[in-house]
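Chain residues, written in single-letter form:
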Amino acid sequence: MTMPDQYVWLFGAGLFLLLWLGFFIAMPGHRRIMLMASLVIMPLGLTEPVFMQSYWTPPSLFDLAGRYGVDIESLIFCFAIAGISVSVLKGWWGFILLPTTDPVRQPQINRRFWFTLATPFVLIPGVYWLWPGNPIYWSLIAMGGGALAAFWCFYEAIPKLMIAGLIFTAIYVIPFFLIEWVAPGYVERIWSLENLSGIALLGLPLEEYLFALFFSLCANGVYLHLLWNRYGRNPVVAEPSATDA
């Protein structure tokens with residue numbers, strides 16, 4: 001039996017929330033940071049009107065997206081992927097050691113701190129002004145810029161950030177495959193494929209894979225900066241333990 005399109009986006013968002021809950025249960029010492037990341041990123045779900053029509057048009061619960069341009073599902077989605085992303089980095093890396101022992105690197109990171117954090121937020125309006133195209137590409141450029149800024153600041157972390165980004169991308173696409181299983185043809189019906197690159201991997205637009213990778217790199221770059229801001233003046237330190245959380 002095929003799931004009605006009206007409930008598919010809620011089903012997909014619920015799958016992401018279940019993944020989030022799995023990480024939350026499995027990583028007790030990481031819960032506070034995970035929850036904070038999710039709450040900070042969740043309001044980005046309110047940007048859904050920017051993506052409607054030009055990128056996709058998912059029917060939503062109570063037809064909120066159609067009537068008001070925002071929906072509950074997007075808030076759940078943003079909440080979940082933020083917590084999952086930082087959890088993947090933590091799970092892959094274990095104790096996250098900050099590069100604080102080199103006396104030359106400390107002032108470099110201090111000088112770059114706010115510039116790096118601001119990069120994705122500054123790029124969004126700049127890209128919109130220069131190229132008022134499909135908003136998915138604004139977000140990709142902004143998050144890509146944020147990732148590059150994080151690499152510039154914490155170049156020691158590039159390999160682990162990249163591997164965590166690829167792992168997150170693999171996790172990210174699983175709910176979309178399940179969506180296509182319960183509602184065959186959903187991607188063709190809902191995504192504005194004529195406005196995208198036309199490249200698909202396993203039936204999912206390339207842009208979704210790029211969004212997942214760049215989101216992870218940018219979000220985890222911010223995560224490392226926040227850890228630096230809190231602990232960077234100490235000798236090499238790790239993320240808070242379970243007793244600190």
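Please refer to the structure placed before this passage.
### Some words on helix α2 (residues 31-41)
Okay, so step 1: Residues of α2 that are buried: I33, M34, A37 and S38. The arc enclosing the buried residues of α2, seen along the axis, measures out at 135 degrees, which places them on a common side. Facing away from the buried surface of α2 by more than 90 degrees, the exposed residues are M36 and V40.

### A short note on the nonpolar core
Okay, so step 1: The biggest cluster of nonpolar side chains holds 56 residues, and the ones touching the most others in it are Y172, W191 and F211.
Okay, so step 2: Of all elements in the fold, only α1 (5-26), α2, α5 (72-93), α7 (135-153), α8 (158-182), α9 (186-190) and α10 (206-231) reach the threshold of two or more residues within this core.
Okay, so step 3: When neighbours within four sequence positions are excluded, F211 is seen to be in contact with F77, I81, I136, L140, M143 and Y172.

### Topic: the packing of aromatic side chains
Okay, so step 1: Following the criterion strictly, the structure yields 18 aromatic pairs and no others.
Okay, so step 2: Taken together, a centroid distance of 6.5 Å and an interplanar angle of 55 degrees make the contact between Y55 and W56 tilted.
Okay, so step 3: Exposure remark for Y55: the relative accessible area of 4% places this residue in the buried category.
Okay, so step 4: Classification of W56 as buried rests on a relative accessible area of 8%.
Okay, so step 5: Measuring from centroid to centroid gives 6.0 Å for F176 and W191, while their planes differ by 70 degrees, and the two rings are edge-to-face. Linking F176 in helix α8 with W191 in the loop between α9 and β1 (200-201), this pair joins segments that are 15 residues apart in sequence.
Okay, so step 6: Accessibility expressed as a relative area gives 4% for F176, which makes it buried.
Okay, so step 7: When its relative accessible area of 3% is taken as the criterion, W191 is described as buried.
Okay, so step 8: Pairwise contacts between aromatic rings join W9, F16, Y55, W56, F77, F168, Y172, F176, Y186, W191, F211 and F215 into one cluster.
Okay, so step 9: In this structure, R31 is placed above the aromatic ring of F24, and the distance from its NZ or CZ to the ring centre is 5.2 Å.

Conventions we followed
- Residues numbered from 1 in each chain as written.
- Predicted model: local features only at pLDDT ≥ 70, side-chain atom pairs only at ≥ 80, totals over all residues.
- Heavy atoms only, no water.
- Buried < 20%, exposed > 50% of the residue type's maximum accessible area, 1.4 Å probe, protein only.
- Helix = DSSP H or I, 4+ residues; strand = E, 2+ residues; numbered from the N terminus.
- Arc of directions from axis to C-beta.
- Core = buried A, V, L, I, M, F, W, Y, C linked by side-chain atoms within 4.5 Å.
- Contact = heavy atoms within 4.5 Å.
- Phe/Tyr/Trp six-rings, centres within 6.5 Å; stacked < 30°, edge-to-face > 60°.
- Lys NZ or Arg CZ within 6 Å of the ring centre and 35° of its normal.

These figures come from the coordinates and say nothing about function on their own.
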